[in-house]
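# Fold and geometry: a report
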Amino acid sequence: MPGLRAIRRIYAIFFFALFLFFIFSTDFQHLKGYEVSFFLEIDPLTALAGLLTSYTLYKGLALSLIIIIPTLFLGRFFCSWVCPLGILNQWLSHFANKRRPFEEYKINSYRSIYRIKYYILALLLVLSAFGMLQIGLLDPIALIYRSFNISILPAFDKFDAGIYLNDPLFNGGIFISALFLLIILANRFLTRFWCRVLCPLGALLGVCSQWSLLRIHRDVEKCTDCSKCLQFCQGGCDPDNELRVSECHVCMNCIEQCPETALHYGLAKENSSVSKPLDVGKRRLVETMVAGGVLYPMLRSSISAHASPAPTVIRPPGSLAEEEFLARCIKCAACMRVCPTNVLQPALLETGFEGLWTPILINRQGYCEHHCVLCGQVCPTAAIRPISIEEKIGQKPFDEPIRLGTAFFDRGRCLPWAMQTPCIVCEEVCPTTPKAIWYRPTKVKDRHGKITLVKQPFVEPATCIGCGICENKCPVTDKAAIRVTSVGESRSKNNRMLLEEKKVI
Amino acid sequence: MEGKKPKKKNRLETLQGRRLFLKRAGRLSGGAAFLAAGGYMAYSDDPVRRTPEKIHFLPDYRVEPSKMYPLMAIVRGSNVDSMVKQAVDKLGGVSRFIKKGDTVLLKPNVGWDRMPEQGANTGPEVVGSVVDLCRQAGAGRVLVSDVSLNDPRRSFNRSGIEKAVHDYGGEVKICGSDDFVMTDMGGSLLKVWPVSRFLMEADKIINLPIVKHHSLSGCTLSMKNWYGVLGGRRNQLHQDIHTSIVDLAHALKPTLTIMDAVRVLKRNGPTGGNPDDVVRENTVIASLDEVALDSFSLGFLGLVPDDIPFLAMAEARKIGQVDWRSLNVSQSQLG
């Protein structure tokens, strides 16, 4: 019979491998119906915050109940048994450890800075209650998905791992890498710094586990106060003292370390020591919530894409209207991983601060593939709705295609318009039927009087879907002579220019 | 102080004798000489040291001409597989073109993420039966490659070509950005250009184009299909599309060309999308003369050779003959 610690290790390896498998499988070739957003869907913080911002527990997010309900009974097991970021932090803290044993005892005892995560949680939840979803910045699952999708996987593929056909590039990807590296490096100074001090999901599960039935108990008669139980303690929950049950990951290391078998996991027995309640100052908590209440109107009073439509904020097909989109998107970058053309990019401040790292289309990098709907398939929160190809391209029973924006010619840069040179690559690649780009054959005279017959292109806005392939393939390589802006996007009622969107015949 | 061990920070330097001095000075001089030599060798008037790029040349993939067989075989019918095989048989059978152990590269048109019934890519049935023919002739490897305009993995998958190729024992080769080699095309417009490296690996090449409408050149036929071996900023070639098509056809001399005119995209090319723009013409043409083949295939699009400048230009470069009727052409009807 393997010990509880061995069982926990098997779970940790299994879940981390599963996480890597899902990240790897999130592409056109390997998707095959795997629930690749599984870890995002079992994340109770995503579910709760989404519930606060949009009053629904969207489909797969109901899976979060399989984490939250057992936590009520068993304690905060998620952090060391399931969470890929927690497991990664644990391994790195352990293997990169240069401390001597007595320092381990010191470093693994409870510190008051561990309270910070509860205040972070309170702040993020207050913002969510106002309708502003910022948990994605710090939610560990969204954070590790984003870091792997944007940073680790493309970096790994620089050594020709064969994950991508052509390595993707990401807008300001280095900031996402840097945050991840900081989190990893912090383990050098304090074991599982992220999990103990900052993680808002850990805080939420900590709150839920404070009433747990089963927990670690210390027999005060058997205990000799040797503190050996602290040597490998993952949560920093003082098993040598009155246990801080909200900090305890039930990693079971203390039980196996105890030379006196004074510790056990289960119901209290005779001589079992009491546990300490959640260590959060009520005054601080109220202060944080007030801060959230103040922060919300401040953040909302800056220019953003939902205050007034922004030309470069082109969202993936099936995206909700901007305000609803921001209320659902957790910045996990699953859409950017699955996008076959690398057009989906993490926004920096283009959409306002709220939209940091949410997906936008940068058409010089890629374009929206006409028959591709993968981003909506992998989105865990339906910020990008799962749409069918028929809905996207406007085939029966749908009347209208989904428009992302509208293309405009820059006649000063366009070869047939400005340079008496034949081209119309944009017309060739235009995927709609009939093509949204049409042309008029025109005889043009150059400065020497030589006459050339060129086809001068135009856009028909009622047919254009804003996919951006024209901008992407335009031979004017730096700033294309045809560019898509968000006006005319289906998801917005205001971002329109034509009085009546003509039906496509 | 004698007898007392010096503290850690007060440890004393050993005095240098002549021997030690020479030893240390010698080591330093060696290091200095190494630095100086390195500096001398690295010195250059150029800001960047460039190694000259290796330039490849395209071989001639054609087989010996023969008076015994026609130059072009047009087969109409309903079963694509037997039409393809009949067309090749008329030209002398597959063994005339493919020898045992040959590496054969097939170049279908897989430009777009479209389904077979949309007629934007070569039909998977045609590609499948050509792979099958090559395998029957004992080809060592059958590679199928194209440089798609849409996402290549989606294009190969959703066109049905990936499955057809795997079913008959061929290999799909998708070109990533590292799969191109600089090649001297020897053209008037196309000089040195990045070309798919799989061309250099092949002993024989079979061009598998499709008949399609194209708004700039008027049509996409066999000669235009060679755009799909190029990398780089190939959309700049549109600025003189006719010259670049002729340059390509001049540089690439395939073993055989088999034209898919089963489903013909008549409008809104080359991307298509609407099955209503596609008409079934149920024809397969095998040819050794791409100019004659293109000249014949124009008919499906309601065009005549005078509409298409690149045909006369190609004839002037001695690539082939526009007047296909004066050649030895076999026409047949199957079932």
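Residues numbered from 1 in each chain as written. Chains lettered and ligands numbered in written order. Predicted model: local features only at pLDDT ≥ 70, side-chain atom pairs only at ≥ 80, totals over all residues. Heavy atoms only, no water.

When helices and strands are tallied, chain B shows 10 helices and 13 strands. Its C-alpha atoms give chain B a radius of gyration of 30 Å, more than 25% over the compact-globule value 20 Å for 335 residues. By its C-alpha atoms, chain B is 115 × 40 × 40 Å across when sized along the principal axes. The buried share of chain B, taken over its 335 residues, is 53%. Looking at chain B alone, contacts between residues at least 24 apart form 73% of all its contacts between residues at least 6 apart. (Helix = DSSP H or I, 4+ residues; strand = E, 2+ residues; numbered from the N terminus. Rg over C-alpha atoms; globule rule 2.2 N^0.38 Å. Buried < 20%, exposed > 50% of the residue type's maximum accessible area, 1.4 Å probe, protein only. Contact = heavy atoms within 4.5 Å.)

Looking only at helices and strands, chain A features 22 helices and 10 strands. For chain A, the spread of C-alpha atoms along the three principal axes comes to 105 × 45 × 40 Å. Looking at chain A as a whole, 57% of its 505 residues are labelled buried. At a minimum sequence separation of 6, the contacts of chain A that also span at least 24 residues come to 73%. The averaged location of the 42 negative side-chain charges in chain A is 4 Å from the averaged location of its 55 positive side-chain charges. (Lys, Arg positive; Asp, Glu negative; His and termini not counted. Charge placed at Lys NZ, Arg CZ, Asp CG, Glu CD.)

Take the interface of chain B and chain A next. Every contact between the two is made by 34 residues of chain B and, on the other side, 38 residues of chain A. Between chain B and chain A, roughly 2,800 Å² of surface is buried when both sides are summed, and carbon and sulfur atoms account for 48% of that area. Taken as a group, Arg153, Arg154 and Gln239 of chain B account for 23% of the area that chain B buries against chain A, more than any other trio of residues on that side. Remark: the boundary between chain B and chain A carries 0 salt bridges. Between the two partners, chain B and chain A, sit 25 residue pairs in polar contact (both at pLDDT 80 or more). Sorting elements by how many residues they give to the side of chain B that touches chain A places helix H5 (residues 152-158) of chain B first, with 5 residues. In terms of residue class, the side of chain B that touches chain A is built from 7 nonpolar, 17 polar and 10 charged. (Buried area = accessible area lost by both parts, 1.4 Å probe. Salt bridge = Lys/Arg side-chain N within 4 Å of Asp/Glu carboxyl O. Polar contact = N/O pair within 3.5 Å; in protein donor to acceptor, adjacent residues only side chain to side chain. Nonpolar A, V, L, I, M, F, W, Y, C, P; charged D, E, K, R; others polar.)

All names here are of chain A. With respect to the helices and strands, the residue Arg196 is situated in helix H12 (residues 193-198). At a separation of 3.1 Å, a polar atom in the side chain of Arg196 contacts the main-chain carbonyl oxygen of Ile107. Apart from residues lying up to four places away in sequence, Arg196 is in contact with Ile107, Asn108, Tyr114, Lys117, Leu190, Thr191, Cys233, Gln234, Gly235, Gly236 and Glu247.

This brings us to a nonpolar patch on the surface. Residue and element names in this part refer to chain A. Judged by side-chain polarity, Leu51, Leu57, Leu65, Ile69, Leu72, Phe73, Leu74, Trp211, Leu213 and Leu267 come together as a nonpolar surface patch covering roughly 940 Å² of accessible area. Take the nonpolar patch: its biggest share by element is 5 residues, from helix H4 (residues 65-74). Mapped onto the elements of the fold, Trp211 is located in the loop between helix H13 (200-209) and strand E1 (215-218). (Patch = residues over 30% accessible without salt bridge, like charges linked within 9 Å, V, L, I, M, F, W, Y side chains within 5 Å. Areas by Shrake-Rupley, 256 points an atom, 1.4 Å probe, with all protein chains shown as cover.)

Before going further, it helps to spend a moment on the pairing of strand E9 (residues 451-459) of chain A. Residues and elements named next belong to chain A. Taken together, the 9 bridges between strand E8 (residues 437-445) and E9 define a ladder with antiparallel strand orientation. If you follow Lys443 over to E9, its bridge partner there is Leu453. With antiparallel pairing between neighbouring strands as the criterion, E8 and E9 make up a hairpin whose turn holds 5 residues, including Gly449 at a positive phi of roughly 85 degrees. (Pairing = 2+ DSSP bridges.)

For the rest of this paragraph, the subject is the domain arrangement of chain A. One widely used convention gives an interface's size as the accessible area the parts lose upon coming together. All names here are of chain A. Domain boundaries in chain A define domain 1 (4-276) and domain 2 (322-485). Spacing between the C-alpha centres of domain 1 and domain 2 amounts to 40 Å. Domain 1 puts 40 residues into the contact, and the matching count from domain 2 is 30 residues. A buried area of about 2,900 Å², summed over both sides, lies between domain 1 and domain 2, and 64% of it is on carbon and sulfur atoms. In terms of surface lost to domain 2, no three residues of domain 1 exceed Tyr58, Leu133 and Asn171, which account for 21% of the buried area on that side. Put simply, domain 1 and domain 2 have 0 salt bridges between them. For the side of domain 1 that touches domain 2, the secondary structure elements donating two or more residues are helix H1 (4-25), helix H2 (38-41), helix H3 (44-54), helix H9 (135-138), helix H10 (140-157) and helix H11 (173-185). Looking at the side of domain 1 that touches domain 2 residue by residue, the classes come out as 24 nonpolar, 13 polar and 3 charged. (Domains from an automatic or database assignment.)

All names here are of chain A. The full count for this structure, using the stated rule, is 32 salt bridges over all chains. Notably, a salt bridge pairs Glu323 with Arg300, separated by 3.7 Å at the nearest N-O pair. Of this pair, Glu323 sits in helix H16 (residues 322-326) while Arg300 sits in helix H15 (residues 282-300), and the two are 23 residues apart along the sequence. Arg413 is paired through a salt bridge with Asp478; the nearest N and O atoms lie 2.8 Å apart. Of this pair, Arg413 sits in the loop between strand E7 (406-409) and helix H20 (415-418) while Asp478 sits in the loop between helix H22 (469-473) and strand E10 (482-485), placing them 65 residues apart in sequence. Arg413 gets classed as partly exposed once you look at its relative accessible area, which sits at 24%. By relative accessible area, Asp478 is classed as exposed at 57%. A network of salt bridges, in which partner residues are shared, links Arg115, Asp238, Arg244 and Asp279.

Before going further, it helps to examine the sheet that holds strand E1 (residues 56-57) of chain B. Reading across from one edge, E1-E6-E7 (chain B) is the order of the 3 strands in this open sheet, with mixed pairing throughout. Taken across any chain shown, the strands that pair with only one partner, and hence form the sheet edges, are E1 and strand E7 (192-196) of chain B.

Residue and element names in this part refer to chain A. Contact geometry for H10 and H11: axes closest at 9 Å, N-to-C directions at 125 degrees. It follows that H10 is oblique to H11 by the angle criterion. The crossing of H10 and H11 is left-handed. Contact residues: Leu143, Ile144, Arg146, Ser147, Phe148, Ile150, Ser151 and Ile152 in H10; Gly173, Ile176, Ser177, Leu179, Phe180 and Ile183 in H11. Along the lines of polarity and charge, the residues of the contact of H10 with H11 split into 9 nonpolar, 4 polar and 1 charged. (Axes fitted to C-alpha atoms, helices over the stretch in contact; angles between N-to-C directions. Parallel < 35°, antiparallel > 145°, perpendicular 65-115°, else oblique. Left-handed = near helix turned anticlockwise from the far one by under 90°.)

Turning to the packing of aromatic side chains, a few remarks are in order. All names here are of chain A. Counting across every chain of the model gives 21 aromatic pairs over all chains. A centroid spacing of 5.5 Å and a plane angle of 80 degrees characterise the contact between Phe38 and Phe39, whose relative ring orientation is edge-to-face. Taking NZ or CZ as reference, Arg244 lies 3.9 Å from the ring centre of Tyr110, over its face. Residue placement shows Arg411 over the ring face of Trp417; its charged tip is 3.8 Å from the ring centre. (Phe/Tyr/Trp six-rings, centres within 6.5 Å; stacked < 30°, edge-to-face > 60°. Lys NZ or Arg CZ within 6 Å of the ring centre and 35° of its normal.)

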